[in-house]
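# Observations on the three-dimensional arrangement
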Amino acid sequence: MAVMSRKVPVTNPWDSVKGLVIQLLAEATSLESGTIQESVEIPPDPTLGDLAATIAFQLAKQLKKNPANIAGDIAGRMAERIKSEPVLSRIESKGPYLNVFLDRGQFAKYTIQAANGLGRQYGRTDAYTGKRALIEFPAVNPSKPWHIGHARNAVIGDTLGNILDAAGYDVVKLDYINDLGLQIAQLCWRMMQQPVPQEQPNMKYDQYLGRLYVEVQKSFENDEQAEKQIREVARQLEDLNSDAANTSAVMVTKCLLAQCQTAYRLGIYHQYQVWESMIAHSGLLDMAREIMLKCDNVVKLEEGEKAGCIVVRLDTIEEFKDMQEPYKVLFRSDGTRTYTGADVALQMWKFGIIQDPLRYQVFDHQPNGKDVLRTSLKGRKSRIGKFDVVFNVIGSEQAQPQRLIYTILDLLGYKKESENSHHIAYAFVDVEGTDLSGRKGTWIGYSCDEVLDKATELAREEVAKRNPDESDDFKDKVATQVGTGAVRYMLLKASPDRKITFRWSEALDFDGDAAPYLQYSHARAQRILEKAGEIVSAPADLTLLSTEVEFALVKAIAMFPQEVLDVVRGLKKSTWGTSFDCNRLTSYCYGLANLFSRFYDSCPVLKAEPAVAAARLELVKAFKMTMANCLEVLGIPVVERM
RNA sequence: GGGCGCGUCGUCUAGCUAGGACAGGGCGCCGGCCUUCGGAGUCGGAUGUCGCAGGUUCGAAUCCUGCCGCGCCCGCCA
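These numbers were taken from a predicted model, which means no experiment stands behind them.

About the cut-offs
Residues numbered from 1 in each chain as written. Chains lettered and ligands numbered in written order. Predicted model: local features only at pLDDT ≥ 70, side-chain atom pairs only at ≥ 80, totals over all residues. Heavy atoms only, no water. Near = heavy atom within 4 Å. Polar contact = N/O pair within 3.5 Å; in protein donor to acceptor, adjacent residues only side chain to side chain. Helix = DSSP H or I, 4+ residues; strand = E, 2+ residues; numbered from the N terminus. Nonpolar A, V, L, I, M, F, W, Y, C, P; charged D, E, K, R; others polar. Domains from an automatic or database assignment. Contact = heavy atoms within 4.5 Å. Buried area = accessible area lost by both parts, 1.4 Å probe. Salt bridge = Lys/Arg side-chain N within 4 Å of Asp/Glu carboxyl O. Pairing = 2+ DSSP bridges. Phe/Tyr/Trp six-rings, centres within 6.5 Å; stacked < 30°, edge-to-face > 60°. Buried < 20%, exposed > 50% of the residue type's maximum accessible area, 1.4 Å probe, protein only. Axes fitted to C-alpha atoms, helices over the stretch in contact; angles between N-to-C directions. Parallel < 35°, antiparallel > 145°, perpendicular 65-115°, else oblique.

This part is about the protein's contact with RNA strand B. Every one of the 57 residues lining RNA strand B counts as a neighbour, but Tyr97, Arg332, Arg498, Tyr520 and Met642 are closest to it. Each atom of RNA strand B within 4 Å of the protein was classed as base or backbone; sugar and phosphate made up 64%. Note that a base oxygen of RNA strand B is positioned 3.0 Å from one of the backbone N or O atoms of Leu606. Between a sugar or linking oxygen of RNA strand B and a side-chain N or O atom of Lys607, the distance comes to 3.0 Å. Listed by contribution, the elements that provide at least two residues to the surface near RNA strand B are β4 (97-102), β10 (327-331), α16 (448-466), α19 (515-532) and α21 (582-602). Of the residues belonging to the surface near RNA strand B, the class tally is 24 nonpolar, 11 polar and 22 charged.

The structure is reproduced here in structure tokens:
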């Protein structure tokens, strides 16, 4: 069998074996392999089998026979053929189900050779090589620190990027900086007031600004005069030479640098930042407007309430038929853009529909060694290029506005681009009763930094308890890895469409289904390999790995590449956004760690007889590699000792 | 009013897109396991009207219809 005898390690062992089973079922039944593929599943209990097919149910309808009899017939017909495949052991019918058993030893060999042969590449595939994906996140206003809800956005976006990258995509991560919003105007207004607010010397700038904003908000709400002035500041911000714009530029830069420190703590890096003020002055909006006006559905209204506005007519679209107002304003009567208008223009830019008029310069040198570029008036032209797919990570409350943008893109004639526009939606994080509001200041105490601080602090205590003789440097380093890993994992393990109620007791629970458990399993594997270094050197016979527990671990290792691909294939558009099952990968990773823990408990490695020890060591290596690769995709630090 | 999402042991949650074998986990609770490579572990136990009511099907947590509860969205705002 060609697939099974390749010299080069297979990239996707589970899928290869499943493919083989499908092939054999097709030979035995004359059903389409597509039909069979859909019916092949994993039995609920491994004692039933390793793979199962429910084709007997479908055939029962056609043949008008009892499905159990049909399954029995097929099993009988396939028995011999199965024996000729080394990785397969036997087929059984159990009622209407067809259950296939793998040969444990052969499959262990097959899988471990794949994982250890590919090493850090294991889990990566070239399924989407050649495609370019742009991900925009988290687009936090540069007027406050990230709170834990912003962190959810950022971690989802970052992890999506890693997963797409593993599937072969060329991924670009982009952040959108709204430095022209009302929040910025409010802060600038305050900055230009007497007395000039004093910066808190011991406080991060974003933290300080976020608190100042809560204060300013009160003036805005209660003082009509102040509100009027703030509106004026907002207008001035559009003029890059104004005092307001200069004040803003300094303030926003300082705030953004502070926010970036939070991102870096979470291991999150970007290639580009798009600043709204630069978009406003780049000519991009004018270019977009021209293109839009060529479309029949975009018109400048001459009369009525919206006279002078450039609007898009939505009444031709089924979905918006029931809308009270069929005209959506893109450019106001004074010529300025609405958010919808700007968003459509930006989306067009992302797909390369508008030639890039922006210039770029380095904003910061990131700890990953790479520069993040920001849009600017002065810098250089860049080759950011066109993208095949665009993902915008935004809260689910923006589902309709996002869909509207993609619909308008379609109306403008960019059908493909519309289809390839994805809103990665996620529900908000709240805090037992209240939401996290920048305005009301309810985020105070729940900023991402504070959560990371507390998690790291607790991790420091635990590390110190377990490693009393280690250096402070060691303890600090590991505490950081454990603390940040725990926070990232907590945010990823919840399905994005489910709201998270943040609780300290859960965030700081390092037992059970949490990142430290995963990191711990890796550290244990690492320790075994370290100790083995001095002892074992015999060439391993991997077919010796055949106990229940070993086999379960082997299967989990074999499934990793397919798990990654399944998450990518699961990115499907719905009315409310595009589904992204980041929790599926955390769940896989937890299961993998769990199986290793069982193996660790019941299968001694170093104390086993030499031949078994050699084989188990290879299994430990394969596990460690897979766990490390999976953690890397999740953005959770890989820990050698903890 | 229209639209979207959520509702699963005490609690948090997976599974729902492609219906299938006793609904999986975590925390908490009860009880075992350190003369075995790190106990952030492991083994066992108790705990469930899968929001409610119908329907489709050989078979429904999953699909359809109608309700109920919670949250969110429907501006030349930002």
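Once that is clear, we can look at the domain arrangement of chain A. Segmentation of chain A into domains returns domain 1 (3-102), domain 2 (132-142 + 172-297 + 336-435) and domain 3 (448-634). Each of domain 2 and domain 3 was reduced to a C-alpha centroid, and the two centroids are 36 Å apart. On the side of domain 3, 24 residues touch domain 2, which itself brings 26 residues to the contact. Among the residues domain 2 hides against domain 3, the three largest losses belong to Arg265, Leu266 and Asp430. Together they make up 30% of the total. At the boundary of domain 2 and domain 3, one finds 5 salt bridges. Across the salt bridge formed by Arg265 and Asp449, the nearest N and O atoms sit 3.4 Å from each other.

With that out of the way, let us pick up the side chain of Asn99. Within the secondary structure, Asn99 is located in strand β4. From its side chain, Asn99 meets the backbone oxygen of Leu48 in a polar contact 3.2 Å long.

Before going further, it helps to spend a moment on the sheet that holds strand β15 (residues 429-431). Overall, mixed pairing links the 3 strands, which are arranged β16-β15-β17 in an open sheet. With partners counted over all chains shown, the strands left at the sheet margins are β16 (434-435) and β17 (500-501), one partner each. Looking at chain direction, β15 and β16 are connected through 2 bridges and run antiparallel. When the sheet's bridge partners are listed, Val431 is paired in β16 with Thr434.

Time to look at the packing of aromatic side chains. A complete count under the given rule lists 19 aromatic pairs for this structure. When the centroid spacing of 6.0 Å and the interplanar angle of 75° are considered together, the rings of Trp14 and Phe107 count as edge-to-face. One end of the pair, Trp14, is in helix α1 (residues 13-29); the other, Phe107, is in helix α5 (residues 104-118), and 93 residues separate them in sequence. According to the relative accessible area criterion, Trp14 is buried, its value standing at 5%. Phe107 sits in the buried class, given a relative accessible area of 0%.

With that settled, the discussion passes to the sheet that holds β4. With respect to topology, 4 strands assemble into an open sheet ordered β1-β2-β4-β3, the strand pairing being antiparallel. Each of the sheet's edge strands pairs with one partner strand only, and the pair in question is β1 (40-41) and β3 (88-94). The sheet contact formed by strand β2 (residues 51-53) and β4 spans 3 bridges and is antiparallel. When the bridges of β4 are listed, Leu51 appears paired with Val100.

Let's shift gears to the packing of helix α8 (residues 205-222) against helix α10 (residues 243-265). In the contact formed by α8 and α10, the axes pass within 7 Å of each other and the chain directions differ by 120°. Comparing the axis directions of α8 and α10 gives the class oblique. Contacts from Tyr205, Asp206 and Leu209 of α8 reach α10 at Met251, Lys254, Cys255, Ala258, Gln259 and Thr262. Along the lines of polarity and charge, the residues of the contact of α8 with α10 split into 5 nonpolar, 2 polar and 2 charged.

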